[in-house]
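Descriptive structure summary
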Amino acid sequence: MLPSKTLSREQIAQRIAQELRDGYYVNLGIGIPTLVANYIPKGMSVVLQSENGLLGIGPYPHEADVDSDLINAGKETVTTIPGSVFFSSADSFAMIRGGHVDLTVLGAMEVDESGSIANWMIPGKVVKGMGGAMDLVAGAHNVIVAMQHVSKEGASKILPKCTLPLTGVGVVKKIVSELAVIEVTPQGLVLRERAPGVSVEQILEATAAKLQVPGEVPEMRL
């Protein structure tokens, strides 16, 4: 049974923002990952990239400043910052495939013990397309997944092996959920941090995959 108090979507994003470093070029996926932009530490220079051809994404616009022609890959209206650059989708994917993105943060439907990720389709359901996720997980230097630990039905989404069609094999480096921070290592999944008020036992109960617990596991600091 899940604990009554877990991290909010915003708190998951806040924890992931601690992984940012000065000078990083970062791609943020749709959903929880987009919220990471709100928690970039002051004084840190992080350049956000969008697959549809924008480098240098600013904050979400106020209603009076909305420009319907200025959108990110998720079709959300955005703003630019001084020095922003527009270019073709082909150039954007050349950046991604060329290894010029330091970090990508993605959502996921499933992640498994080897760091494989499934996040683009559920068989039998209509999808618009795979988007840029396959390129991002293959090209970015670091891949962090922001996800809910369990489904609405209570089933674990962190599995021994993914059951849905894969986006990438062995590409995820870290998972941040409403319950925990989990590192993907060559030896398997390692529990590094737990959400405030959440016990190691509760995390183990919510995780179908084998999860290594290295002694004392500290609470996240937000």
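First, a word on scope: everything that follows refers to the structure included in this document. Given the structure is predicted, the values throughout are model-derived calculations rather than measurements.

**Comments concerning the overall build of the protein**
Assigned secondary structure in the protein consists of four helices and 13 strands. A compact globule built from 222 residues should have a C-alpha radius of gyration of about 17 Å, and the protein, at 17 Å, falls within 12% of that. Taking the principal axes of the C-alpha coordinates as reference, the protein spans close to 50 × 40 × 30 Å. For the protein, the share of sequence-separated contacts (at least 6 apart) that also reach a separation of at least 24 residues comes to 61%. For the protein, the computed accessible surface area is about 11,300 Å², with 53% contributed by carbon and sulfur atoms.

**Things to note about helix H1 (residues 9–17)**
Of all the residues in H1, the buried ones are Ile12, Ala13, Arg15, Ile16 and Ala17. Residues of H1 that are buried in the fold lie against strand E5 (103–106), strand E8 (142–146), strand E10 (174–176), strand E11 (180–185) and strand E12 (188–194).

**Observations concerning unusual backbone geometry**
What is expected of a backbone is that most residues other than glycine have negative phi and most peptide bonds are trans. Positioned with a positive phi, Lys75 is a non-glycine residue whose angle comes to about 65 degrees. Considering the arrangement of structural elements, one finds Lys75 in the loop between strand E3 (54–57) and strand E4 (80–86). Lys75 gets classed as exposed once you look at its relative accessible area, which sits at 64%.

**Considering the environment of Ile182**
Within the secondary structure, Ile182 sits in strand E11. Residue class for Ile182 comes out buried when judged on its relative accessible area of 0%. Distance from Ile182 to Val213, taken between C-alpha atoms, is 10.0 Å for residues 31 residues apart in sequence. Look past the residues within four positions of Ile182 in its chain and what remains in contact with it is His149, Ile158, Lys173, Lys174, Ile175, Leu189, Val190, Leu191 and Leu211.

**Notes on the sheet that holds E12**
With respect to topology, 10 strands assemble into an open sheet ordered E4-E3-E2-E1-E5-E8-E10-E11-E12-E13, the strand pairing being mixed. Strands at the two margins of the open sheet, each flanked by one partner only, are E4 and strand E13 (211–212). Where E8 and E10 come together, three bridges link them in parallel fashion. Residue pairing in the sheet places Ala146 in a bridge with Val176 of E10.

**What to know about helix H2 (residues 89–97)**
Burial in H2 covers these residues: Ser92, Phe93 and Ile96. Along the axis of H2, the buried positions cluster into a sector of 90 degrees, meaning they face one direction only. Looking at the buried residues of H2, the elements they touch are strand E2 (47–50) and helix H3 (133–139). Within two residues after H2, Gly99 carries a phi angle of roughly 80 degrees, on the positive side.

**Some words on the environment of Gly139**
Note on placement: Gly139 falls in helix H3. Considering only alpha carbons, one finds Gly139 and Ser88, 51 residues apart in sequence, at a separation of 18 Å.

**Considerations on the side chain of His149**
Residue placement: His149 occurs in the loop between E8 and strand E9 (158–159). Relative accessible area serves as the criterion here: at 0%, His149 is assigned to the buried category.

**A short note on the sheet that holds E9**
Taken together, three strands build an open sheet; the order of strands is E7-E6-E9 and the sheet is mixed. Looking at which strands have only one partner, the edges of the open sheet turn out to be strand E7 (117–118) and E9. In this structure, strand E6 (residues 110–112) lies alongside E9, joined through two bridges in parallel fashion. Bridge pairing in E9 links Asp112 to Leu159.

Rules and cut-offs
Residues numbered from 1 in each chain as written. Predicted model: local features only at pLDDT ≥ 70, side-chain atom pairs only at ≥ 80, totals over all residues. Heavy atoms only, no water. Helix = DSSP H or I, 4+ residues; strand = E, 2+ residues; numbered from the N terminus. Rg over C-alpha atoms; globule rule 2.2 N^0.38 Å. Contact = heavy atoms within 4.5 Å. Areas by Shrake-Rupley, 256 points an atom, 1.4 Å probe, with all protein chains shown as cover. Buried < 20%, exposed > 50% of the residue type's maximum accessible area, 1.4 Å probe, protein only. Pairing = 2+ DSSP bridges. Arc of directions from axis to C-beta.

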